[in-house]
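Working through the structure, step by step
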Amino acid sequence: MTRVSRRGRVTIAVLVVVFLLFTVFDRVVGAWADYLWFSEVKYTQVFSGVLTTRLWMFLIFGVAVGLVIAGNLYLAYRTRPLLRPHSAEQHALDRYRLFLLPHMTGWIILVAALIALFSGLSAQGHWQEWMLFSNSTPFNKTDDQFHVDLSFYVFEYPFWRYLLGVAFTTVVFSLLGALALHYLFGGVRLQGAGERMTAAARAHLTGLVAAFVLLKAAAYFLDRRGLLLDKFPTQELYGAGYTNVNALLPAKEILAWISIVVAIAILVFSNAFMRNLVWPGLALGLLALSAVAVGGIYPAAVQSFTVKPSQLQKESDYFERAIKATRDAYGLNEVEMKDYTADNQNPPADLASSKDETVTNIRLLDPNVVGETYTQQQQVRGFYEFNPKLDIDRYTIGGKTQDYVVGVREIRYDQLQQNNWQNRHSVYTHGYGFVAAPANEVVCSGQPFYVSGFLSDQDKPGDQGGQKCASDTDLIPVKQPRIYYGEQMGDAYAVVGRASANDRNAEYDRQTAGEDQYSTYDGSGGVKVGSFGRRLLYAAYFRETNFLLSGVLNDNSKVLYVRDPESRVRKVAPFLTLDSDPYPAVVDGKIQWIIDGYTTSATYPYAQRINWNTAIQDSSTSGRLFPEPRQDVTYLRNSVKATVDAYTGEVALYAFDESDPVLKTWNKAFGGKLVKPRSAISADLMNHLRYPEDQFKVQRDLLSRFHVTTPEGFFSGQDFWEVPKDPANSTADQPPYYIVAKLPGQGSARFQLTAAMAPRKRGNLAALMSASYVDGKPKFEVLELPANTAIQGPNQMHSVMTGISDARRDLTQFTSSNSDVIYGNLLSLPVGNGMLYVEPIYLRTKNDKTFPTLQKVLVAYGPQYKAYADNLTAGLEQLVKQVSGQVPVPSTDGSTGQPASPPTGNQPSTPQVQEAIAAMNKAIADLKAAQQSGDFEAYGRALKALQDAIARYEAAVKAAGAAPSASASPSVSPSVSGSPGASPTVSVAPSG
């Protein structure tokens, strides 16, 4: 082999240097900039803790793997035979031996170092598993099978599994490398006379094979614990079922002992007695056969012939384990189930004027819709923007607590007219103002009534027709309205600070009275970047030469970066799963971003496994260009409330659930002072904490099945629920919604997150869920409706209400007249022992400069009464008047409709008659809803229910002593028996 020329060596050296510049240098710059950022937010223990752990894992695992592999390669080289038999095979290998022998030690070191490098890089990515393992905190709860503390599964099992994987990889690479060297130097031969393997090579290779088999035994023992994380073969449950416990569990133990015996047999028979590979080969074959028979065929037979014919009887106990563990892992044990009959089908007489706290706080503004309205009305300049999805929070103003739609006015950098470096990073640095409007009030032709966040008095929305469109004063004042940290900042950084106190302000602030105002940042946030070294660092970090060339920077300059609140919290607490909806709040006079942090685990035994990113999706979730990677979760706690100051960027973590072992473990891993105690949460901050939306979505989805707590009920699945589809978007689930309401059984109005549930594969209403904080503690309640009732659900009521003749005509006209019709949240509200439904309708002309305004409101109560009105008050009044017969119940078939008159003397009015009439009305509403949706199955059920209700009505009237007259009987046209597309005309008009 020829030696590499001098020019070639120089070329290689240059390439290595370039590689190091583009990898090591870049990493060093990133680490330095990260350290300065962590110093700014005062969380250097996170930076040092993570970096130190990753470095040690890189070194320990890399060195350990490298040494083992190098040792085996060197052993194979040292035990090579001195004399090799002459054969064509050996002659063919001579050229390779001649190439390797002069630098054999160097080649061994190089190969081992490369494998060690990749092993270390892989190991440092598992730093979280090591931190949990080394700081494990007991749960003080045990699993139902092995009675081992749950901390083993959550904190220790993942690291043991990873350690076994590293050991397997090391042995396999050692075996392959040793086999290659033994073959290269003649220790293993395929040709020639005599033994095919030297004694040294046989002892070495069989020792490695025995080590592999022993590791397999250890894996079998660990797999026994891992069975508690498996999925049931035929049921959507997780954990060890009957087959796992009675077949796989003993099989794993048997295979573990067989593996130990096989490992011993390989060593003994290969080197002590027969000194050949026949018996070791037979032992390995026995192990493989045992794995197939004991670990595969036998469990499959038990599942097919023992469990499948009588699954409920065999797996009842294991169902109970899974239900119990799931409810515990996701905090469902504290859910309070209540019955709600909802048997009142007539709206209360005082509904429109009621002081009921649910009715007076009915939310009309939909935060998913009016974000564009805020942007258009409150921007003044085109580069201001509100988040398209605004937030809901509550404030007490004038002694009254109610919910407000809130948002902050941020900078939209892509809308700057001169989007150069100086404008983007040193002039337009921040937004301005916290804007809020009551959620239950619209003014000035359907606009929000703004109460805060005005740029100036001159920029407030003007009055319309004598009606105020905004409050006279800022009702939610803040000490510092400038927004330097927000959701719309992206990866944009800001360079702030001026050379001296006499220099003019250079940052655009806002426009007041037609004049542009400027300011200078004087907060505590940011990293000083005045020195040449810092400027050089950030020039490399941001890949921007202006840090070295621009006159904007001076000795007092600071750079603000990582300005998205969610990103800041994620860097400070990388172990948390963050809620997808941070929200701004005015806390103690400051604008704070509040973010809910969750501690999770994927290895809680017997608990249901979910994909987090799928579980939190609904119609309000922003679509992503690329799907998020799967994140398996079997344990969930909302353990941390995090805040980010919108002006200074200060990050604070508060322990909200101090009993959570996972949070305790992470806090211990970072020195015990990473998270502030719950007592540090101020009273004002506590008043703005809300039940987190993502947690509610996960719990809602799980409660659709796990509200059933008996194995029999779970096995049958008859009582399962499902999240109804959003009436405004039939392809996605209906999102939960925040409201201020006093629901049945609650002592006073609360700010709570609510959602409706439907029976599985049916459209009616099954339950109402509500989650809130009471005295700072989470409270989850479920109002469960009787199973034998068929109260209409959100989609059915949407079909009924939009089917009102006037509404259908207007909506068709709106759509055809260059306008977009936007449906707001359909609220399902338990009022007066019945169900009240409210759905706002927004209009927006198809023009870039327009915004949605609330124009109409749909309301309904019970199965019969419904209204389409200009505002909520008028709609509620119509419902009340329909009961008394003052106005007709609006028709959904194009006819005028009939007044809903009470029974007269010609028609007996008994409870049975009234119940039958109510049943007929309900069936008719279901029939029309099915017609609207084109649901043939629901149409058939509704038709059968209507026929049964008519029969009950006739029997009730007859039993009361009067024959049902034609006018008293409900009339059903013959076309009812057709399909949903047949447009039936049905009416019930019991009258004198």
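Residues numbered from 1 in each chain as written. Predicted model: local features only at pLDDT ≥ 70, side-chain atom pairs only at ≥ 80, totals over all residues. Heavy atoms only, no water.

**Comments concerning the overall build of the protein chain**
- From N to C terminus, the protein chain includes 26 helices and 36 strands.
- The contacts of the protein chain with a sequence gap of at least 6 include a subset with a gap of at least 24, amounting to 67%.
- Only carbon and sulfur atoms are counted for the fraction: they give 56% of the accessible area of the protein chain, which is about 44,000 Å². (Helix = DSSP H or I, 4+ residues; strand = E, 2+ residues; numbered from the N terminus. Contact = heavy atoms within 4.5 Å. Areas by Shrake-Rupley, 256 points an atom, 1.4 Å probe, with all protein chains shown as cover.)

**As for the pattern of salt bridges**
- Considering all chains together, one arrives at 31 salt bridges under this definition.
- Glutamate 253 serves as the salt-bridge partner of arginine 224, at 3.5 Å between the closest nitrogen and oxygen. With arginine 224 in helix H7 (residues 199-226) and glutamate 253 in helix H8 (residues 242-271), the pair connects residues that are 29 residues apart, well separated along the chain.
- Residue arginine 224 is classed as buried on the basis of its relative accessible area of 17%.
- Of the charged contacts in the structure, one is a salt bridge between arginine 394 and aspartate 393, with a shortest N-O distance of 3.5 Å. (Salt bridge = Lys/Arg side-chain N within 4 Å of Asp/Glu carboxyl O. Buried < 20%, exposed > 50% of the residue type's maximum accessible area, 1.4 Å probe, protein only.)

**Structural notes on helix H4 (residues 104-124)**
- In this model, H4 (21 residues) spans 30 Å end to end at C-alpha, consistent with the 30 Å of a helix rising 1.5 Å per residue.
- Of all the positions in H4, only Met104, Ile108, Ala112, Ile115, Ala116, Ser119, Gly120, Ala123 and Gln124 are classed as buried. In a view along the axis of H4, the buried residues occupy a sector of 160°, so they form one face of it. (Expected span 1.5 Å × (residues − 1). Arc of directions from axis to C-beta.)

**A closer look at the environment of alanine 807**
- As for its placement among the helices and strands, alanine 807 is situated in helix H23 (residues 805-816).
- Accessibility expressed as a relative area gives 0% for alanine 807, which makes it buried.
- Taking the C-alpha atoms as reference points, alanine 807 and threonine 892, separated by 85 residues in sequence, lie 9.2 Å from one another.
- Setting aside anything within four residues of it in sequence, one finds alanine 807 in contact with Met801, Thr802, Leu858 and Tyr868.

**A word on the pairing of strand S7 (residues 434-438)**
- Burial analysis of S7 places five of its five residues in the buried class, the great majority of the element.
- Alternating residues of S7 divide into Phe434, Ala436 and Pro438 and Val435 and Ala437, and every residue in both groups is buried.

**Some words on the side chain of aspartate 726**
- Along the polypeptide, aspartate 726 turns up in strand S24 (residues 725-726).
- No salt bridge is formed by the buried aspartate 726, whose closest oppositely charged neighbour, arginine 700, lies at an N-O distance of 9.5 Å.
- Setting aside anything within four residues of it in sequence, one finds aspartate 726 in contact with Ser619, Ala732, Asp733, Gln734, Pro735 and Asn795. (Lys, Arg positive; Asp, Glu negative; His and termini not counted.)

**Side note on the sheet that holds strand S4 (residues 400-408)**
- Across the sheet, three strands lie side by side as S3-S4-S7; this open sheet has antiparallel pairing. Pairing within the sheet leaves two strands with one partner each, and these edge strands are strand S3 (391-397) and S7. Across the sheet, the axes of successive neighbouring strands diverge by a mean angle of 45°, strand direction being ignored.
- Sheet analysis places S4 next to S7, joined by five bridges and oriented antiparallel. (Pairing = 2+ DSSP bridges. Axes fitted to C-alpha atoms, helices over the stretch in contact; angles between N-to-C directions.)

**What about empty space enclosed by the protein?**
- A full pass over the atoms with the stated rule returns six cavities of 30 Å³ or more.
- Volume-wise, the largest cavity comes out at about 120 Å³.
- Together, 16 residues line the largest cavity, and Pro367, Lys389, Glu693, Pro736 and Tyr738 are the ones closest to its centre.
- Elements supplying a minimum of two residues to the lining of the largest cavity: S3 and strand S26 (737-741).
- For the lining of the largest cavity, the class distribution of residues is seven nonpolar, three polar and six charged. (1 Å grid on protein atoms, 1.4 Å probe; cavity = no way out; pocket = protein on both sides within 12 Å on 5 of 7 lines; lining within 4 Å. Points joined across faces, edges and corners; volume = space filled by probe spheres on them. Nonpolar A, V, L, I, M, F, W, Y, C, P; charged D, E, K, R; others polar.)

**Structural notes on the side chain of arginine 563**
- For arginine 563, the location among the structural elements is in the loop between strand S15 (558-560) and helix H16 (565-572).
- Put simply, arginine 563 is tucked away with no salt bridge, and the nearest opposite charge, on glutamate 507, sits 7.8 Å away.
- One polar contact links arginine 563 to tyrosine 413, side chain to side chain, over a distance of 2.7 Å.
- At 3.0 Å, the side chain of arginine 563 forms a polar contact with the backbone oxygen of tyrosine 484. (Polar contact = N/O pair within 3.5 Å; in protein donor to acceptor, adjacent residues only side chain to side chain.)

**Comments concerning the nonpolar core**
- In terms of nonpolar packing, the biggest core is built from 224 residues, with Tyr538, Phe547, Tyr561, Leu653, Phe670 and Leu836 touching the most fellow members.
- Per element, the largest residue contribution to this core is 14 residues, and it comes from helix H6 (residues 151-184).
- Excluding residues that lie within four positions of it along the chain, leucine 836 makes contacts with Leu351, Ile362, Leu827, Ser828, Leu829, Val831, Ala860, Tyr861, Leu876 and Leu879.
- If you look at the next biggest cluster of nonpolar residues, it comprises 22 residues, including Ala756, Leu785, Ile791 and Tyr868. (Core = buried A, V, L, I, M, F, W, Y, C linked by side-chain atoms within 4.5 Å.)

**Section: the sheet that holds strand S11 (residues 494-496)**
- Pairing in this open sheet of three strands is antiparallel, and the strands run S11-S15-S14 from one edge to the other. Sheet topology places S11 and strand S14 (527-528) at the edges, where each strand pairs with a single neighbour.
- Strand direction decides the pairing type here: S14 and S15, joined by two bridges, are antiparallel. Note that in S15 the partner of lysine 528 across the bridge is lysine 558.

**Points about unusual backbone geometry**
- Positive phi is not limited to glycine here, since asparagine 140 has a value of about 60°.
- Considering the arrangement of structural elements, one finds asparagine 140 in the loop between helix H5 (127-134) and H6.
- Taking relative accessible area as the criterion, asparagine 140 reaches 67% and is therefore assigned exposed.
- For aspartate 588, which is not a glycine, the phi torsion comes out positive at approximately 55°.
- As for its position among the elements, aspartate 588 is in the loop between strand S17 (583-587) and strand S18 (590-601).
- A relative accessible area of 41% means that aspartate 588 is categorised as partly exposed.

**Brief notes about the environment of arginine 941**
- With respect to the secondary-structure elements, arginine 941 resides in helix H26 (residues 936-959).
- On the basis of relative accessible area, arginine 941 is assigned to the partly exposed category, the value being 37%.
- Here the alpha-carbon distance between arginine 941 and alanine 923, two residues 18 residues apart in the chain, equals 8.9 Å.

**Some details on the packing of helix H2 (residues 44-78) against H5**
- The contact between H2 and H5 brings their axes to 10 Å, and the two run at 100°. Our classification of the angle between H2 and H5 gives roughly perpendicular. Along the contact surface, H2 presents Gly49, Val50, Thr53, Arg54 and Met57, while H5 presents Trp127, Trp130 and Met131.
- Of the residues assigned to the contact of H2 with H5, the class counts are five nonpolar, two polar and one charged. (Parallel < 35°, antiparallel > 145°, perpendicular 65-115°, else oblique.)

**Observations regarding H8**
- Taking 1.5 Å of rise per residue, 30 residues should cover 44 Å, and H8 covers 43 Å from first to last C-alpha, within 8% of that figure.
- Maximal helix bending in H8 amounts to about 35°, located at leucine 248; proline proline 250 follows within four positions. (Bend = angle between axes of the 7 residues up to and from the residue.)

**Examining the confidence of the model for the protein chain**
- Mean pLDDT over the protein chain stands at 86; residues scoring 70 or higher make up 88%.
- Scored below 50 in pLDDT, residues 894-907 shows 33 contacts in the model against residues more than four places distant or in partner chains.
- Every residue in residues 962-992 scores below 50 in pLDDT, and together they form 65 contacts with partners more than four places removed in sequence or on other chains. (pLDDT = per-residue confidence, 0-100.)

**Let's talk about a nonpolar patch on the surface**
- The grouping of Val10, Val14, Val17, Val18, Leu21, Phe22 and Phe25 at the surface amounts to a nonpolar patch, some 670 Å² of accessible area in total.
- Locating valine 14 in the fold gives a position in helix H1 (residues 6-41). (Patch = residues over 30% accessible without salt bridge, like charges linked within 9 Å, V, L, I, M, F, W, Y side chains within 5 Å.)

**A few points about the packing of aromatic side chains**
- Summed over all chains, the structure comprises 52 aromatic pairs.
- Here phenylalanine 221 and tryptophan 257 contribute two aromatic rings whose centre-to-centre distance is 5.8 Å and whose plane-to-plane angle is 90°, an arrangement assigned as edge-to-face. Of this pair, phenylalanine 221 sits in helix H7 while tryptophan 257 sits in helix H8, placing them 36 residues apart in sequence.
- Judged by relative accessible area, phenylalanine 221 falls into the partly exposed class, the value being 29%.
- Centroid distance phenylalanine 542 to tyrosine 561: 5.7 Å. Interplanar angle 90°. Geometry classified as edge-to-face. Taken as a pair, phenylalanine 542 in the loop between helix H14 (532-541) and helix H15 (546-549) and tyrosine 561 in the loop between S15 and H16 lie far apart in primary sequence, 19 residues in all.
- Geometry around phenylalanine 185 places arginine 80 over its ring, the cationic atom sitting 6.0 Å from the centre.
- If you follow arginine 225 out to its NZ or CZ, it ends over the ring of phenylalanine 152, 5.0 Å from the centre. (Phe/Tyr/Trp six-rings, centres within 6.5 Å; stacked < 30°, edge-to-face > 60°. Lys NZ or Arg CZ within 6 Å of the ring centre and 35° of its normal.)

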